[in-house]
Amino acid sequence: MARFSRIIGTGGYLPEKVLTNAELERSIDTTDAWITERTGIRQRHIAAEGEFTVDLAEAASRQALEAAGLSSVDLIVVATTTPDRVFPSTACLLQSRLDIHGGPAFDVQAVCAGFIYALSVADHFIKAGTANTALVVGAETFSRIIDWTDRDTCVLFGDGAGAVVLRADDGPGILSTHLHADGDYADLLHVPKGVSTNLASVQAGTAYVEMSGREVFRMAVQKLGELVDEALQANGLERGDIDRLVPHQANIRIITATAKKLRMPMDRVVLTVAEHGNTSAASIPLALDVAVKRGDIKDGDRLLLEGFGGGFTWGGALVEWRS
Ligand code: COA
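Here the structure is a predicted model, which means the values were calculated and not measured. (Residues numbered from 1 in each chain as written. Predicted model: local features only at pLDDT ≥ 70, side-chain atom pairs only at ≥ 80, totals over all residues. Heavy atoms only, no water.)

Draft legend 1. Examining the overall build of the protein more closely. Looking only at helices and strands, the protein features eleven helices and 13 strands. What you see for the protein is a C-alpha radius of gyration of 18 Å, in line with the 20 Å of a compact globule of 323 residues. Based on the C-alpha atoms only, the size of the protein along its principal axes is roughly 60 × 45 × 35 Å. Out of the 323 residues in the protein, the part that is buried amounts to 54%. A sequence separation of at least 24 residues applies to 75% of the contacts in the protein between residues at least 6 apart. For the protein, the exposed area adds up to about 13500 Å²; of that, 49% sits on carbon and sulfur atoms. Charge centroids of the protein, computed over 30 positive and 42 negative side chains, lie 4 Å from each other. (Helix = DSSP H or I, 4+ residues; strand = E, 2+ residues; numbered from the N terminus. Rg over C-alpha atoms; globule rule 2.2 N^0.38 Å. Buried < 20%, exposed > 50% of the residue type's maximum accessible area, 1.4 Å probe, protein only. Contact = heavy atoms within 4.5 Å. Areas by Shrake-Rupley, 256 points an atom, 1.4 Å probe, with all protein chains shown as cover. Lys, Arg positive; Asp, Glu negative; His and termini not counted. Charge placed at Lys NZ, Arg CZ, Asp CG, Glu CD.)

Draft legend 2. Just the site of the ligand, in detail. Near the ligand there are 23 residues, and of these Thr30, Arg38, Gly213, Arg214 and Asn251 occur at the shortest range. The separation between an oxygen atom of the ligand and a polar side-chain atom of Arg38 is 2.7 Å. At 3.0 Å from a nitrogen atom of the ligand is found a main-chain nitrogen or oxygen belonging to Gly213. Assessed atom by atom at 2 Å from the grid points, the ligand resides in the second largest pocket. For the shell around the ligand, the elements supplying multiple residues, two or more each, are α2 (32–39), α6 (151–154), α8 (213–234), α9 (252–261) and β12 (302–309). A per-element tally of the shell around the ligand places α8 first, with four residues. (Near = heavy atom within 4 Å. Polar contact = N/O pair within 3.5 Å; in protein donor to acceptor, adjacent residues only side chain to side chain. 1 Å grid on protein atoms, 1.4 Å probe; cavity = no way out; pocket = protein on both sides within 12 Å on 5 of 7 lines; lining within 4 Å. Sits in = over half its atoms within 2 Å of the grid points.)

Draft legend 3. Spotlight on α9. Among the residues of α9, Ile252, Ile254, Ile255, Thr258 and Ala259 are the ones counted as buried. The buried residues of α9 occupy one face: seen down the axis, they fall within an arc of 160°. Where the residues of α9 are buried, they touch α2, α8, β11 (244–247), α10 (273–276) and β12. Looking at where α9 begins, the residue whose side-chain oxygen comes 2.7 Å from the main-chain nitrogen of Arg253 is Asn251. (Arc of directions from axis to C-beta.)

Draft legend 4. Highlighting the nonpolar core. Membership of the largest hydrophobic core comes to 33 residues, with the highest contact counts inside it found for Leu119, Leu166 and Leu305. Counting residues per element, the ones that place at least two in this core are β4 (75–79), α5 (114–127), β6 (133–140), β7 (160–169), α11 (283–294), β12 and β13 (313–320). Among the elements that line this core, the one with the most residues is α5, at seven residues. When residues are assigned to domains, this core turns out to be shared by domain 1 (4–170) and domain 2 (176–194 + 211–320), each giving three or more. Sequence-distant contacts of Leu305, defined by excluding residues within four places in its chain, comprise Phe115, Ile116, Leu119, Val246, Ile284, Gly315, Gly316, Ala317 and Val319. Grouped together as the second largest cluster of nonpolar side chains are 28 residues, Ile28, Ile35, Phe142 and Ile252 included. (Core = buried A, V, L, I, M, F, W, Y, C linked by side-chain atoms within 4.5 Å. Domains from an automatic or database assignment.)

Draft legend 5. Molecular detail of the sheet that holds β7. In space, the five strands of this open sheet follow the order β1-β7-β6-β4-β5, with mixed pairing throughout. Edge strands, defined here as strands with exactly one partner in the open sheet, are β1 (4–13) and β5 (105–108). On average, each strand axis in the sheet is inclined to that of its neighbour by 20°, with strand direction left out of account. When β4 meets β5, the two strands line up parallel, connected through four bridges. Paired with Ala79 across the bridge in β5 is Val108. (Pairing = 2+ DSSP bridges. Axes fitted to C-alpha atoms, helices over the stretch in contact; angles between N-to-C directions.)

Draft legend 6. Highlighting the packing of aromatic side chains. Inspection of the entire model under this criterion finds five aromatic pairs. When the ring of Tyr185 is compared with that of Phe312, the centres are 5.1 Å apart and the planes differ by 15°; the resulting orientation is stacked. Placement of Tyr185 in the loop between β8 (174–181) and β9 (189–190) and of Phe312 in the loop between β12 and β13 is noted, with a sequence separation of 127 residues between them. Since its relative accessible area comes to 28%, Tyr185 is described here as partly exposed. (Phe/Tyr/Trp six-rings, centres within 6.5 Å; stacked < 30°, edge-to-face > 60°.)

Draft legend 7. Representation of a positive patch on the surface within the structure. A contiguous patch of positive charge, built from Arg38, Arg214, Arg218 and Arg253, is present on the exposed surface. Inspection of the secondary structure puts Arg214 in helix α8. For Arg214, a relative accessible area of 73% corresponds to the exposed category. (Patch = residues over 30% accessible without salt bridge, like charges linked within 9 Å, V, L, I, M, F, W, Y side chains within 5 Å. Salt bridge = Lys/Arg side-chain N within 4 Å of Asp/Glu carboxyl O.)

Draft legend 8. Main features of the environment of Leu305. With respect to the element layout, Leu305 can be found in strand β12. Judged by its relative accessible area of 1%, Leu305 is buried.

Now the structure itself:
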């Protein structure tokens, strides 16, 4: 009998502090009009001093587990680019917080495509019969790797966490996942230093995101367009067969281009970019959680989740929703 992973619970958490475009106008040479027009972002949430990625992950995970009616899972995968420690992984720290013990727990690093990578890994564990349940989290304190004087990048990002619980089922569920990377583009969107290359800059808190915005924009639109075709073809579906797009929330113009490729009206696209900004690995599960809680997603809906990020990495998951 076929074996699928089904999403049986979602959760999301955003730090309390909100940073609006108007506040950014006071600290850097920008305007609310520029940010809104070019990105669709109006505000973002910023973690408090002493609030860390695992704290955000824990809050989102507790909600997802409660929604799923589970207190434990076989597997924990956390997608993050901003882990609390070099090691152990955020997934291990989270496992302990949740009082779950013994099963595998690990992080994946694929920046803004991280949640799709983590979801795909967990889906493969479940399909292979290695796990029956899994907690998949995207959690970031991206504000900590942003140079808040660099207007090219600081207006884009925010903090948050989203989580889903998967359970094995004999019906869909996740229909397919599609992962890609091309490391030749590493320098177009990166934090140029790390532990191995320059620990001092990491310790000094000066290892920041650098980005060639136009090139990233162009490649994101191209690769996500190709991904739409790939996901449809893999499932023998037409554009009109997808009910909802749940995109990575980097920029409203990138999202609009992908919706256009799907010939999907924007009212079928889950949008949180205005309120959340780009929360990297957290943005897709956060958007999914918002849509689920709003009651926008109905049984039988086909959802395309997709994301693009540093690496470059990109990927998607086609999901048939059953609550
Ligand atoms: N406020 C005001 N002006 C700004 C600004 C800001 N925050 N940031 C850049 N500018 C200026 C630039 O300096 C440039 O000025 P110039 O023409 O005098 O040189 C001008 O605005 C236009 O810059 P440009 O880079 O051409 O704008 P854009 O239309 O490409 O928009 C981004 C810039 C960053 C919004 C856009 O390229 C983008 O979204 N790229 C993808 C980024 C992304 O999603 N990254 C994460 C992927 S996971």
